[in-house]
Amino acid sequence: MSLLHSLATDNEKKMVLLVMDGLGGVQGADGLTELEKAQTPLMDRLAAESELGLLSMVDVGITPGSGPGHLSLFGYDPLSWSIGRGILEALGVGAHVGAGDICARGNFCTVGSEGIIVDRRAGRIPTEESAKVVKKLQDAIRSIDDVQVTFYPGLEHRFVVVFSGEGLCEEVNDADPQKEGLPMRWAVAQNEKARRTEEIINAFIKEVWDVLNDEHPANGCLLRGFSSAPHIPSLGELYKIKPVALATYPMYRGLASLVGMDVRDAGETLEQLFHAVGTYWDDYNFFYVHVKYTDSRGEDGNFSEKVRVIEDVDRLLPKILDLRPDVLAITGDHSTPAILAGHSWHDVPLLLWSPYARRSGAAEFGEKSCAQGNIGHMQGEKLMGLMLAHSLKLNKYGA
C-alpha cells in the first residue's frame, strides 16, 4: 500500500470495479460452476480480450467475510485492517455512531420451541414489514441498564442497533448459531473488559424476544459483527483517485464510506444500479459497482437463481461498456457456492480488461479459464495496483 501511494499519480482515466458478491462457485451435477453454466456472451467476449486469473482474498483455505474480501479488493491488507460488520452496516444505513459506541448488525429470526432457531432470516420478510417491527422495538426498548439503545431499519430481515454508554467493548463473539435447527448461541465476551458488554447484549436480545413474542415469523433477533468505528486511510489519499460507490445494500455503502468513497444513490434494482454508473460518470474516475444477489442466491443454496443473476449482469453490462471505461475489472469479494449455501475458501474469478491487457484468448469467463489465465493466482489486495497500472496512474519505481 505504501509503495502504491508513493508511485500514484493523478489522471482522468476511468476505472470500474464491478463486484458480483460471492461470484465464485463449485461445479454442479454437470461439472459446471454457476458462472460457467450462465449464458454470458458479453463477458465471454471480454474474457478473450482480457487478462484472467484467480484472487485469494485472505489466505489459502481461509473463508473471508464480505468486509475482509472488499478491503482486499480496495488494496488493504485484510489481516492488518479488521473491521466489524456492525459498523459497516451502521454507516450504510446512515446511523449516528459516536466515540465509544458499539454497533451490531441484526437479523430478525424465527425462534421455535426451547429456543431453537428455525429460520435465521425470518423468511426474508419484506423491508416494509421489517421497518414496522423495528419501530415496535424502538418504542418498547430505549435502554438496557444505563446503555442507550437506538434501532435503524435495514433491508428485508436486517436492522442495525447502536449501543451508547460508558465502558462498552467490541470484543464480543456473535450472538448467532449461524445455522438453522440449532439452539441460540448467546454473546460471549472475548476477555474480561468485555464482560459487561456481553451482559448488556444478551439482556437486550432477551428483551427483544419478549417484545416480539406475538409476532410471526419475526419473533426474535440475532446479532453479529459487534464493532466501533476505526480510522482507516482513504482511497483518495492513497491512490490519488476520486472514487464513488454504487451499491444497493447498506453494508457495502458503509464499507465504501469508511474508506473515503462518495456514496451515491444506486436505486433498488439491478437496472437502476447499472444506470447509475452513467449518471455519475463525469464526476469520478473510480467506480465501485456492487451486485448483491449473486451472494444471496448462493447463500440460499439456489444454483439456478445465482446463474440467472449472473446472466442479468451480462445483459446489463453494455450500460458500463458504452461509457468506454479505460479499465474494467469483474470479480467477486469471495466465493459463495450454492452447493455449500455459504461463503467458502475457494479463489475468486477475475477478468481485467484494458487497452494494455495481454489477451488471454479464452473462450469464456469462468473458474476453469481463470485458473489457466495469464494473471495466475494473485492476492486480492494486489488487484488495486494492477488496475492503477493499467490506467497509467503509477510512476516508474526507481531510476
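Residues numbered from 1 in each chain as written. Predicted model: local features only at pLDDT ≥ 70, side-chain atom pairs only at ≥ 80, totals over all residues. Heavy atoms only, no water.

Before going further, it helps to examine helix α6 (residues 127-140). In an α-helix, one turn spans 3.6 residues, which is why side chains three or four residues apart end up on the same side. With 14 residues, α6 extends 20 Å from end C-alpha to end C-alpha; this agrees with the ideal 20 Å at 1.5 Å per step. Inspection of α6 places S130, V133, V134, L137 and Q138 among the buried residues, and these make up the whole buried set. For α6, the arc enclosing every buried residue in end-on projection is 140°, short of the 170-degree limit, so these residues lie on one face. For α6, the exposed residues lying more than 90 degrees away from the buried face are E128, K132 and K135. Against β3 (102-111), β6 (147-153), β7 (158-164) and α7 (195-211) lie the buried residues of α6. (Helix = DSSP H or I, 4+ residues; strand = E, 2+ residues; numbered from the N terminus. Expected span 1.5 Å × (residues − 1). Buried < 20%, exposed > 50% of the residue type's maximum accessible area, 1.4 Å probe, protein only. Arc of directions from axis to C-beta. Contact = heavy atoms within 4.5 Å.)

Considering only enclosed or pocket space, the largest pocket measures out at about 1,200 Å³ in volume. Taken together, 49 residues make up the lining of the largest pocket; nearest its centre are G65, R85, D174, Q178 and R224. Breaking the lining of the largest pocket down by element, the ones donating at least two residues are α4 (66-73), α5 (85-92), β3, β8 (172-173), β11 (220-227) and α11 (293-299). Of the volumes computed, that of the second largest pocket is approximately 280 Å³. Counting residues per element, the ones that place at least two in the lining of the second largest pocket are α6 and α9 (250-258). Across the lining of the second largest pocket, the residue classes break down as six nonpolar, three polar and six charged. (1 Å grid on protein atoms, 1.4 Å probe; cavity = no way out; pocket = protein on both sides within 12 Å on 5 of 7 lines; lining within 4 Å. Points joined across faces, edges and corners; volume = space filled by probe spheres on them. Nonpolar A, V, L, I, M, F, W, Y, C, P; charged D, E, K, R; others polar.)

Before going further, it helps to examine the packing of aromatic side chains. By the definition in use, this model includes ten aromatic pairs. Note on F163 and F204: the rings are 5.2 Å apart at their centroids and 85° apart in plane angle, and the pair reads as edge-to-face. Of this pair, F163 sits in strand β7 while F204 is found in helix α7, placing the two residues 41 residues apart along the sequence. Taken as a pair, F163 and F204 share a single burial class, namely buried. With 4.7 Å between their ring centres and 20° between their planes, W281 and F287 make a pair best called stacked. Each member of the pair, W281 as well as F287, carries the same accessibility label: buried. Members of the aromatic cluster, connected to one another through ring pairs, are F108, F151, F159, F163 and F204. (Phe/Tyr/Trp six-rings, centres within 6.5 Å; stacked < 30°, edge-to-face > 60°.)

A separate point is the environment of G24. Along the chain, G24 turns up in the loop between β1 (15-20) and α2 (34-37). Leave out the neighbours within four places in its chain, and G24 touches K306, H334, S335, T336, P337, P349 and E367.

Of note, N285 is situated in the loop between α10 (270-279) and β14 (286-291). Since its relative accessible area comes to 2%, N285 is described here as buried. A polar atom in the side chain of N285 sits 3.3 Å from the backbone oxygen of N11. In this structure the side chain of N285 is engaged in a polar contact, spanning 2.8 Å, whose partner is the backbone nitrogen of K242. (Polar contact = N/O pair within 3.5 Å; in protein donor to acceptor, adjacent residues only side chain to side chain.)

Omega for the bond connecting H216 with P217 falls within 30 degrees of zero, at 5°, which places this linkage in the cis form. As for its placement among the helices and strands, P217 is situated in the loop between α7 and β11. Of note, E156 is a non-glycine position whose phi angle comes to about 50°, a positive value. With respect to the element layout, E156 can be found in the loop between β6 and β7. A residue is classified by how much of its surface remains accessible, and E156, at 21% relative accessible area, is partly exposed.

Interpretation note: all reported values are geometric properties and have no functional meaning in isolation.
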